Every structure is written in structure tokens, then in C-alpha cells.
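Coordinates in review
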Amino acid sequence: DDDIFLSAFCENSEKLINVHLFALAAKYYSLSSLGVCTPLEDVLEALKGDSQGATGIKPDEFMNNKKSHEVQVMSELVDSLANYCGIKQVIDIGSGKGYLSSFLSMQYNLKVYGIDSSSSNTNGAHERNRKLKKHWRAYQSRGKENLKSQSLEKANDRLVEHEINCKTINEELLNNANSLQNQGQMIIQDSVPSRDFTETTTLETTIETEADLVTGTQSHETKLSEEVLAILNVLPVDAVEDFSSSHCNCGELCEEEKIQRKMSSLKTKARKSSESNLYFPLTSHITAETELNDIITDLEDCMMVGLHTCGDLAANTLRIFTAKLEIKAVCSVGCCYHLLSEQFENQEECCDQVWGFPMCQYLKDKGWCCGRNARMSACLALERVAVGQMLPTESLFYRAVLQVIIEEIYGVTKSDRHVGKTFSKSSSFIDYVRQSLKKLELDDSKLPDSCIMDYYEKYKHRMNELEAFNMLKVVLAPCIEVLILLDRLCYLKEQDNVAWSGLVKLFDPVKSPRCYAVIALKNQSC
């Protein structure tokens, strides 16, 4: 009975009186307990069909551990969705530095348009993609030289071994012949064949050994080729030369073979030309009304993806998916819930605006509102705290005392400016306050050091209270995230042109706290 959780609060004062029951209620209403998520393994199995998954390296050489984990898991799912829908074009919304986009294009040979509103991100993605390709070409060249060197060394070792074996065989046969003669056996007629036999045996052994050498060398070369190609297949298939194959003398080819090779070469060059730039970073601000045809001139049947799309961008990605005929699938992982716009948070706002929350008609009819504090709480990472990655209590305390100073000394209760990551750059609380006041464009000369420290001492004993309060916010975080994610899922369920939609837990929440993806497929007739 859900009503049992109400007893966690005092009926009269509505204050929290049972923390344990409060924690149980929060767990009960989390996504993991509600049973509304579709397991990633089930989704991949359903999408698999006859397609063969690409095998390649992990992208952790080019990204940190968190980003590598996210890109590898999500790219596999995106490729499966693309194969299932029979599409090769992907639009990455909020692509940032292009980690996901470049990996999708190089590892899975998809044509990816990465759209980001920041020109610096787009330019950075261009440069990073160029360096990435250059690195792999160099890696390919080194792999080729190492392969040749190791194959040659192996072949030389086998030849030396072969010579030793042949010498041993000759010596054994010669010793046998001498032994027979010493025993007085009359095998003079057999002595000559013995020499022939030795030569024949040696010849046969030589042939067999050489055959083994060739087979072994080819096997070793093939193994090395596979190892290098496994590393190199992060590139499109035509970008990797098969350097284990033999090269025939063109002068010995007949005319027909020459023509066939020439045609094959021309086709390969044409294919390389058309696929030489499979990732296109673009700069554009995306809204729910954005016309993709104005940004992408060769828009075709495609899918939209978003890895940690910020604030309203996640909601607008889903709206564009449902509105645009060419978009057959969507895979969106949102973040930055605190930046969502809410329809019922400020009633004086324009009624015609497209809001980030709520999306579904059910919550709109209820006039539901979370509020900024709740959305801020939804961004906290319960799983990280559970494994010992504690909240930054001291920085939170600094920020709380700063707010008291600003309100009492300067009379400011609201500002469009942000303090940002001042705590990590500060040597003391006094330094923190002065740097923050400069960022807020407030005159710090009217505030002596002694006054700043008086505020610090006044509230220092309440730091434990602040930590306890923030721990309660962390416990509640999954419940608020559930509300936001289910709102997006319900919006998709309300659309007539969506064949299937679901929530999938993609990432390890300790590595990547915003780990849930909203996935949907269009009806085939749409």
C-alpha cells in the first residue's frame, strides 16, 4: 500500500519524522524498482536479426574511462537500430566534441551529421576527427612494418630449424648404414639405394618441411594480420589495406585480368571518395521547430541520437523525431535536468512556448510542476554516493554561506550570473568569496576579511546539517528523474506514428549517472 509511506512525515507539521521509511519509499519509486525499463540485452537481441555485430577495439585510447564506456555501449545500440531500420544516416544532436559521432562513422561506417550549437565544439570536433584519422593511418603503417618484421623473423627461425633437422636425419641414416656394415651383413647392393634413400628421404623431408614452413608462416602472418586489423577496424573497411595478401606481377597478367583489376581499382577509389568524410560536424541551434532540411541538404531516412543532450534539447529531440517523416528511430540520453524549462513553474511566461517539461498530455492536464530545486536534485548521483564518492560538502557549505552574504550585505536575491567552479580555484573561504563577488560584479571592497570570517564562524557548526540535508536530496534524486523520464516515455506512447518505445538502462550508473536512454521506432508505414 502506497499510503504506508505517508507516515514518514508528521500529519500536522508535515515534517520528516522517519528517515528509514523515507529512504524505502524513494527506492520503491525508482526506475529500477518500478519495472518499467526494458533490459538492454533484450533490445539488442530483438534488433539483431541476421546482422553481424562489428568487432573492434575499445575507444578508451582516445577518451576518458567514462566517455569510452558511454560511446562503446551506445554506439552498439545505435548500429543495431540502424541495421534494423535499414538506414545508414545518423543525426547526432548536441554532438559536442564528436566522440560518439566519430566512433559511429569509423567503427560502424555510418554517415553521421553531428549538430551542436557551439561553433567551438564543432571546430574542435573537426580537428579531433582529423587527428584521429591521421593517428590510425600512422598506426596502420606501424602495424604493417611490424607484421613484415615478425613474419621474416619467424621464417628465418623455421629455416634454421629445418637445416638442423635435415642434418640430424642424414647423420642418423649414415650411422645406421655403418652399423649394418660393421655387423658383417652383405648389403652392398642395398648400400647404394641407402644413399638414394637418404637423398630421397632428405628431399621429401625438405619438401614437407618447406610446406610446413610456408603453411606456418602464412598462419602466423594471418594471425598477425587479424590482430592488426582488429585494432584498425575502427576505420571504414576501405581505409584499411589488406597487407597480408600477395601481390602478383602485373606484367604476367593477361589482358582480361588487367581490365578487371583496373575496374576494381576505379570502383574502390570512387567508393573511398564517397566515404572519405563520413562524419560532418555542423553548427546550429536546435529547437522543436527546427527544419532539418535547412541544415542537412541530403537528408534521407535516418535516426536521431543524443548522448547527454542538455535540458530542453532532449525533449526537442523527441518532438522532432515524431514530427519528421524521414526519422525512423531515436535514441536519446538526457542530462542537466535543472536547465529544463517548465510550463507551470512561472505562470506569467508565454503560453505559446514549447516547454521541456511536461511533455505528455497526462501531466499537462494535471498542471504538474517540479521546480528548480527538485530538478537540481534529480542531477545528483545516488549510485556514486553509495560506493563512497561522497558529496562535496565543503564546497556546498561555501556556496550556502556566500548566498547569505549576498542577500544580507548586497540585498541581491536573484542574479543571471553564475559563480561556477570557483571553489576548486580558491585557497580559502575569503578567497572564494572575493572571487565569487567579482564574477557576480559586486563590489567586494565594502566587505572586510573579518566580516567574511564572521559569517563563516556563525554557520560552521551547521555543516553537518547541510550534509544530512543533501544526503536526503540524493536519496530522492531517482524519484524525480523517474518523473521526467516517464513523462518523455508517455509522450511517445501518445503518438500514433510510434510503433515501439521504451526506457533502457545503457550505462553503469557509477561511471555515468545519467544512464537511461529513451528509445523509439516509427511505424513501418510512416
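Within an unreviewed UniProt entry, the label attached to the protein reads MET25 protein, and the organism entered is Irena cyanogastra.

**Some points on the confidence of the model for the protein**
Low pLDDT means the predicted atomic positions in that stretch should not be read closely. Overall, the prediction assigns the protein a mean pLDDT of 78, with 66% of residues at 70 or greater. Note on residues 180-211: pLDDT is under 50 here. Beyond four places in sequence and across chains, it has 14 contacts.

**Side note on the pairing of strand E4 (residues 302-310)**
Taking burial as the measure, the nine residues of E4 include eight buried ones, the bulk of the element. Summarising the sheet, strand E1 (residues 89-93) and E4 pair through four bridges and their orientation is parallel. By the bridge assignment, aspartate 92 is partnered in E4 with valine 305. Here E4 pairs with strand E5 (residues 327-335) via eight bridges, running parallel. If you follow cysteine 310 over to E5, its bridge partner there is cysteine 335. Note that the unit made of E4, helix H10 (residues 312-323) and E5 has a crossover that is right-handed.

**Description of the packing of helix H14 (residues 393-410) against helix H17 (residues 463-493)**
Two elements in contact, H14 and H17, have axes whose closest approach is 10 Å; the angle formed by their N-to-C orientations is 110 degrees. One way to sum up the angle between H14 and H17 is to call them roughly perpendicular. Across from Thr393, Leu396 and Phe397 in H14, the residues of H17 making contact are Met463, Leu466, Glu467 and Asn470. The class makeup of the residues in the contact of H14 with H17 is four nonpolar, two polar and one charged.

**Here's the deal with the pattern of salt bridges**
One pass over the full model with this rule turns up 14 salt bridges. We note a salt bridge from aspartate 298 to lysine 111, for which the minimum N-O separation is 2.6 Å. One end of the pair, aspartate 298, is in the loop between helix H9 (292-295) and E4; the other, lysine 111, is in strand E2 (residues 111-116), with 187 residues separating them in the sequence. The exposure class of lysine 111 is partly exposed, given its relative accessible area of 25%. Arginine 434 is the salt-bridge partner of aspartate 444, the closest N and O atoms lying 3.2 Å from each other. One end of the pair, aspartate 444, is in the loop between helix H15 (429-439) and helix H16 (449-459); the other, arginine 434, is in helix H15, and ten residues separate them in sequence. Residue classification places aspartate 444 among the buried positions, given a relative accessible area of 16%. Each of Arg434, Lys438, Asp444 and Asp449 takes part in salt bridges that share partners, so that together they form one network.

**Brief notes about H10**
Relative to the 16 Å expected for twelve residues at 1.5 Å per residue, H10 spans 16 Å between its end C-alpha atoms, a close match to the ideal helical length. With ten of its twelve residues buried, H10 lies for the most part within the structure. Along H10, the residues that are buried comprise Leu313, Ala314, Ala315, Asn316, Thr317, Leu318, Arg319, Ile320, Phe321 and Thr322.

**Some details on the environment of isoleucine 17**
As for its position among the elements, isoleucine 17 is in the segment before helix H1 (19-28). Along the primary structure isoleucine 17 and serine 7 are separated by ten residues, whereas in three dimensions their C-alpha atoms are 8.2 Å apart.

**Points about the sheet that holds E1**
One open sheet holds the seven strands; their spatial order is E3-E2-E1-E4-E5-E7-E6, and the pairing between them is mixed. This sheet does not close on itself; its edge strands, each paired only once, are strand E3 (279-283) and strand E6 (498-505). Taken over all neighbouring pairs, the strand axes of this sheet differ in orientation by 15 degrees on average, direction set aside. Its contacts with the sheet put H17 on E5, E6 and strand E7 (516-522), and the angle it makes with E6 is roughly 165 degrees.

**Quick word on the nonpolar core**
One recurring pattern in soluble globular proteins: nonpolar side chains tend to sit buried together. Counting residues in hydrophobic clusters, the biggest one holds 72 residues, and the most contacted among them are Met74, Leu77, Ile91, Met303, Cys331 and Leu506. Those residues in contact with isoleucine 91 that sit more than four places away from it in its chain are Tyr113, Ile115, Leu292, Ile296, Leu299, Cys302, Met303, Met304 and Val305. Counting 21 residues, the second-largest nonpolar core is a separate cluster that includes Tyr398, Tyr432, Leu437 and Ile452.

**So, the packing of H1 against H17**
Helix-helix packing: each pair is described by the crossing angle between the helix axes and the interaxial distance. Closest axis-to-axis distance for the H1/H17 pair is 8 Å, and the angle between their directions is 25 degrees. With respect to their mutual orientation, H1 and H17 come out roughly parallel. Pair H1 / H17 crosses with left-handed handedness. Touching Val19, Phe22, Ala23 and Ala26 of H1 are Leu472, Val475, Leu476 and Cys479, all from H17.

**Side note on the packing of aromatic side chains**
Summed over the entire model, instances satisfying the criterion amount to 13 aromatic pairs. With centroids separated by 5.2 Å and ring planes inclined at 75 degrees, the aromatic side chains of tyrosine 398 and phenylalanine 423 adopt a geometry described as edge-to-face. Of this pair, tyrosine 398 sits in helix H14 while phenylalanine 423 sits in the loop between H14 and H15, and the two are 25 residues apart along the sequence. Residue class for phenylalanine 423 comes out partly exposed when judged on its relative accessible area of 31%. Cluster of aromatic residues (ring-pair linked, three or more members): Phe397, Tyr398, Phe423, Phe429, Tyr432 and Tyr456. The positively charged end of lysine 522 is found above the aromatic ring belonging to phenylalanine 321, 4.8 Å away from the centroid.

Cut-off values and rules
Residues numbered from 1 in each chain as written. Predicted model: local features only at pLDDT ≥ 70, side-chain atom pairs only at ≥ 80, totals over all residues. Heavy atoms only, no water. pLDDT = per-residue confidence, 0-100. Contact = heavy atoms within 4.5 Å. Buried < 20%, exposed > 50% of the residue type's maximum accessible area, 1.4 Å probe, protein only. Helix = DSSP H or I, 4+ residues; strand = E, 2+ residues; numbered from the N terminus. Pairing = 2+ DSSP bridges. Right-handed = clockwise from strand over helix to strand, strands pointing away. Axes fitted to C-alpha atoms, helices over the stretch in contact; angles between N-to-C directions. Parallel < 35°, antiparallel > 145°, perpendicular 65-115°, else oblique. Nonpolar A, V, L, I, M, F, W, Y, C, P; charged D, E, K, R; others polar. Salt bridge = Lys/Arg side-chain N within 4 Å of Asp/Glu carboxyl O. Expected span 1.5 Å × (residues − 1). Core = buried A, V, L, I, M, F, W, Y, C linked by side-chain atoms within 4.5 Å. Left-handed = near helix turned anticlockwise from the far one by under 90°. Phe/Tyr/Trp six-rings, centres within 6.5 Å; stacked < 30°, edge-to-face > 60°. Lys NZ or Arg CZ within 6 Å of the ring centre and 35° of its normal.

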